[in-house]
Amino acid sequence: WRDKEGAPYSTLVPSDEVTVNYRHGLPVITLMLPTRSERCQFTVKPVVTTVGAFLQDVQREDKGIKRTEVFTTDGSKVSDATLMQVLLMNDFKLVINNTAYNVSPPVKDKLSSEHATEMEDIKSLVHRLFVALHLEDHQIRKERELLQKLDHLKGELLPLEQMKAKIMDSADAKTSRLLWVGLALMSTQGGALAWLTWWVYSWDIMEPVTYFITYGSAMAFYAYFVLTKQDYIYPHAKDRQFLHYFYRKSKKERFNVERYNKLKDDLAEAEESLRRLRQPLHLKLPIQEINDKD
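This one's a predicted model, so the numbers in the text were calculated from it and none came from an experiment. (Residues numbered from 1 in each chain as written. Predicted model: local features only at pLDDT ≥ 70, side-chain atom pairs only at ≥ 80, totals over all residues. Heavy atoms only, no water.)

### Focus on the overall build of the protein
Working step 1: Tallying secondary structure elements over the protein gives 7 helices and 7 strands in all.
Working step 2: Counted from the first residue to the last, the protein has its helices and strands arranged as β-β-β-β-α-β-α-β-β-α-α-α-α-α.
Working step 3: When the 294 residues of the protein are sorted by exposure, 26% land in the buried category.
Working step 4: For the protein, the share of sequence-separated contacts (at least 6 apart) that also reach a separation of at least 24 residues comes to 60%.
Working step 5: Of the roughly 20,400 Å² of accessible surface on the protein, a fraction of 57% belongs to carbon and sulfur atoms. (Helix = DSSP H or I, 4+ residues; strand = E, 2+ residues; numbered from the N terminus. Buried < 20%, exposed > 50% of the residue type's maximum accessible area, 1.4 Å probe, protein only. Contact = heavy atoms within 4.5 Å. Areas by Shrake-Rupley, 256 points an atom, 1.4 Å probe, with all protein chains shown as cover.)

This is the structure we're talking about:
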């Protein structure tokens, strides 16, 4: 082992001079400060603490330390940006001034069940405290956000709803007129056939005419099925014609159907989220605050 200038380190100290133990789930590194001649413990957070930050803490604790470095067992220098979690997975050498310390961290999988149980208890306690202190505030804040979103969506939907109502009235009126026109044409056809049968010609002459009229109607219904892939059922045909008039009128009036549907879906989703949020919220809030919100 040599320093940056190639000179060998003066001392290679056994691993018991620097120890690593886990306390409350966190690694505690104990080492002897060379200038102060006293043992000092450093508790590190392995997930966020880097090797460079740990070495700075050591130098800050003992002003007599001029150089600190960390090497792997094969002599490779460990980067200051390396996390302590990665460093503590294997043995390493800690160099303080000209003294190299062998460090053998305990294997994390072999930690005592007592430490693991204690860590789980701490996590459970922290979780319960967070729920008790912050969950209700989070629910109230989320409810206010949803209420603001609902007001915004309703404001955007109001002019679209008014325009849609006018378009629907127009489409419904046209569909009704078309139905009445169809009834009038069928009545006229029936009256004309009766007049031709009893007053102009005889049934022997009109029978082939009525046959071809019936056959033509069957062809028309079959053509409807070929074009729409649906049977000619009066309510369905009425709805189809209504939608035809509605979309044609919407295009003429520049009514954005896609945007309207998107706003309606967002409104329904926000209302459902608010309903699910208020159910547990009403179980916890005082009656006065609930009434104020309603």
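### Quick look at the environment of lysine 229
Working step 1: By the secondary structure assignment, lysine 229 is in the loop between helix H4 (203-228) and helix H5 (234-253).
Working step 2: In terms of polar contacts, lysine 229 uses its side chain to reach the backbone carbonyl oxygen of valine 226, at 2.9 Å. (Polar contact = N/O pair within 3.5 Å; in protein donor to acceptor, adjacent residues only side chain to side chain.)

### Section: the packing of aromatic side chains
Working step 1: Throughout the structure, instances matching the rule amount to 7 aromatic pairs.
Working step 2: Geometrically, the ring pair formed by phenylalanine 242 and phenylalanine 246 is stacked, given 6.3 Å between the ring centres and 25° between the ring planes. Of this pair, phenylalanine 242 and phenylalanine 246 are both found in helix H5, 4 residues apart, which corresponds to roughly one turn of the helix.
Working step 3: With a relative accessible area of 18%, phenylalanine 242 lands in the buried category.
Working step 4: The interplanar angle of 80° and the centroid separation of 6.4 Å between the aromatic rings of phenylalanine 246 and phenylalanine 255 together place this pair among those described as edge-to-face.
Working step 5: Taken together, the aromatic side chains of Phe242, Phe246, Tyr247, Phe255 and Tyr260 make up a single cluster linked through ring pairs. (Phe/Tyr/Trp six-rings, centres within 6.5 Å; stacked < 30°, edge-to-face > 60°.)

### Points about the pairing of strand E5 (residues 68-72)
Working step 1: The element E5 is largely enclosed, with a buried count of 4 among its 5 residues.
Working step 2: As paired elements, E5 and strand E6 (residues 92-96) share 5 bridges and run antiparallel to each other. When the bridges of E6 are listed, threonine 72 appears paired with phenylalanine 92. (Pairing = 2+ DSSP bridges.)

### Here's the deal with unusual backbone geometry
A negative phi angle characterises most non-glycine residues, just as the trans form characterises most peptide bonds.
Working step 1: Phi is positive for lysine 229, which is not a glycine, with a value near 60°.
Working step 2: We classify lysine 229 as exposed; its relative accessible area is 62%.

### Points about the sheet that holds strand E2 (residues 19-23)
Across a sheet, strands are paired by hydrogen bonds formed along the backbone, either parallel or antiparallel in direction.
Working step 1: The strand order E2-E3-E4 describes an open sheet built from 3 strands, whose pairing is antiparallel. With partners counted over all chains shown, the strands left at the sheet margins are E2 and strand E4 (38-43), one partner each. Strand-to-strand twist in this sheet, taken as the mean axis angle between neighbours without regard to direction, amounts to 30°.
Working step 2: As judged from the 5 bridges shared by E2 and strand E3 (residues 26-33), these two strands associate in the antiparallel manner. Looking at the pairing, tyrosine 22 lines up with proline 27 of E3.
Working step 3: Along the sheet, helix H1 (residues 51-61) makes contact with E3 and E4, crossing E4 at roughly 145°. (Axes fitted to C-alpha atoms, helices over the stretch in contact; angles between N-to-C directions.)

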